[in-house]
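Each chain, written out:
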Amino acid sequence: MGKIAFVFPGQGAQAVGMGKDAYAEFEASKSIFDRADAALGFSLSQLAFEGPDEQLKQTAYTQPALLATSIALLEAFRSRGIQPDYVAGHSLGEYSALVAADVLDFEDAVRLVRSRGLFMEQAVPGGKGAMAATLGADRDALEALCRDVTASVGPVELANVNCPGQIVVSGSSEGVAAVAERGKEAGAKRVIPLEVSGPFHSSLMRPAADQLAEELKKVEFRDAKIPVVVNVSAKPVQEGSELNRLLVEQVVSPVLWEDSIRYLIGEGVDTFVEIGSGTVLAGLIKKIDKSVTVISVNSAAAIAEASLA
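This structure is a prediction, so every number in the text was calculated from the model and none was measured. (Residues numbered from 1 in each chain as written. Predicted model: local features only at pLDDT ≥ 70, side-chain atom pairs only at ≥ 80, totals over all residues. Heavy atoms only, no water.)

## Description of the overall build of the chain
Reasoning step 1: When helices and strands are tallied, the chain shows 14 helices and 10 strands.
Reasoning step 2: Here the C-alpha atoms of the chain give a radius of gyration of 18 Å, agreeing with the 19 Å that 2.2 N^0.38 yields for 309 residues.
Reasoning step 3: Dimensions of the chain, computed from the C-alpha atoms along their principal axes, are close to 55 × 45 × 35 Å.
Reasoning step 4: Buried residues in the chain amount to 56% of all 309 residues.
Reasoning step 5: In the chain, 74% of the contacts between residues at least 6 apart in sequence involve partners at least 24 apart.
Reasoning step 6: As presented, the chain carries roughly 12,200 Å² of accessible surface, and 49% of it is formed by carbon and sulfur atoms.
Reasoning step 7: Between the mean site of the 28 positive side-chain charges and the mean site of the 40 negative ones, the chain shows a separation of 3 Å. (Helix = DSSP H or I, 4+ residues; strand = E, 2+ residues; numbered from the N terminus. Rg over C-alpha atoms; globule rule 2.2 N^0.38 Å. Buried < 20%, exposed > 50% of the residue type's maximum accessible area, 1.4 Å probe, protein only. Contact = heavy atoms within 4.5 Å. Areas by Shrake-Rupley, 256 points an atom, 1.4 Å probe, with all protein chains shown as cover. Lys, Arg positive; Asp, Glu negative; His and termini not counted. Charge placed at Lys NZ, Arg CZ, Asp CG, Glu CD.)

Here it is in structure tokens:
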């Protein structure tokens, strides 16, 4: 059998009710949600389980709720005795990966992503930033188009390189609108505006990155017990201080998800276990390489059924 990677979803995977069945069924999952509520001083579990959806969609709530759900499912899944060779997470999911690799304590991580969400919401005034998903665009051509638009209209950059033919751009509202208008120049068949509260993973997020850097100084980062393939470079990192630094850079850098998955496959990973809400990553990974096995551990039932035989 080849190697195994545990991967953790980021923002956009949230759904009211996530983690609820695991909380009811597994003591390990219940403990994680209870610890999250205590660490944050409000009932994150109630928000994840019952909503309202409008509140769960707010970045400062979405981020800790997704992290808690991923780690609650991870702790229950660990009883199966399956150990990963690598871990990785998509944007916010990188924090779940760091908890899984024993770099961060869960309480520190859930407080950090709560702060990260607040900083990201506050970094750019409402309406000044935007994001859009391009479908079918050539990566190099899209990057060239973004440079051209940045010079002539306003800042816009690649934000998420998700899989072949799906790249998200982020930046000023004017810049993103110009890329959407001229998307065909880069081969884009469609450009879809995203409902987000800011231009994430763009240079406009520098104020949030600076604030996050201050918060990260207060937290202990241990060296990773499992290599973490990071968003910024799509390479494995284990040194705690370097993982800390890369979390700051991640806020203003593109998420190199496709590159990360290709790196892992190149290292012999043939089984990906997506741990958290939804099946977003499973879809992306299959578009990158149909031949790999992807298991989504997103519910109590999925934990019971998960087979890596």
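## With respect to the pattern of salt bridges
Reasoning step 1: By the definition in use, this model includes 18 salt bridges.
Reasoning step 2: With its nearest N and O atoms 2.8 Å apart, the salt bridge here joins K30 to D34. In this pair, K30 and D34 both sit in helix α2 (residues 27–40), 4 residues apart, roughly one turn of the helix.
Reasoning step 3: The exposure class assigned to K30 is partly exposed, which follows from its relative accessible area of 30%.
Reasoning step 4: Judged by its relative accessible area of 31%, D34 falls in the partly exposed class.
Reasoning step 5: A network of salt bridges, in which partner residues are shared, links D102, D105, E220, R222 and K225. (Salt bridge = Lys/Arg side-chain N within 4 Å of Asp/Glu carboxyl O.)

## Looking at α2
Reasoning step 1: Its 14 residues give α2 an end-to-end C-alpha distance of 20 Å, which sits within 8% of 20 Å, the value for a rise of 1.5 Å per residue.
Reasoning step 2: Buried residues of α2: S29, I32, F33, A36, D37, A39 and L40, and no others.
Reasoning step 3: Its buried side turned inward, α2 meets α1 (20–25), α3 (44–50), α5 (59–77) and α7 (106–123).
Reasoning step 4: Directly beyond the C-terminal end of α2, a positive phi value near 80° is found at G41. (Expected span 1.5 Å × (residues − 1).)

## Some remarks on the sheet that holds strand β5 (residues 166–172)
Reasoning step 1: One open sheet accounts for 4 strands, arranged β4-β5-β3-β6; its pairing is antiparallel. Only two strands of the sheet have a single partner each, and these edge strands are β4 (156–163) and β6 (190–193). When the angles between neighbouring strand axes are averaged without regard to direction, this sheet yields 25°.
Reasoning step 2: Note that strand β3 (residues 129–135) and β6 share 4 bridges and pair antiparallel. (Pairing = 2+ DSSP bridges. Axes fitted to C-alpha atoms, helices over the stretch in contact; angles between N-to-C directions.)

## A look at the pairing of β4
Reasoning step 1: Counting buried residues in β4 gives 7 out of 8 residues, a clear majority hidden from the surface.
Reasoning step 2: Judged from the 6 bridges that link them, β4 and β5 form a sheet pairing that is antiparallel. Bridge pairing in β5 links N160 to V168.
Reasoning step 3: The hairpin formed by β4 and β5 contains 2 residues between the paired strands, and G165 there has a positive phi angle of roughly 80°.

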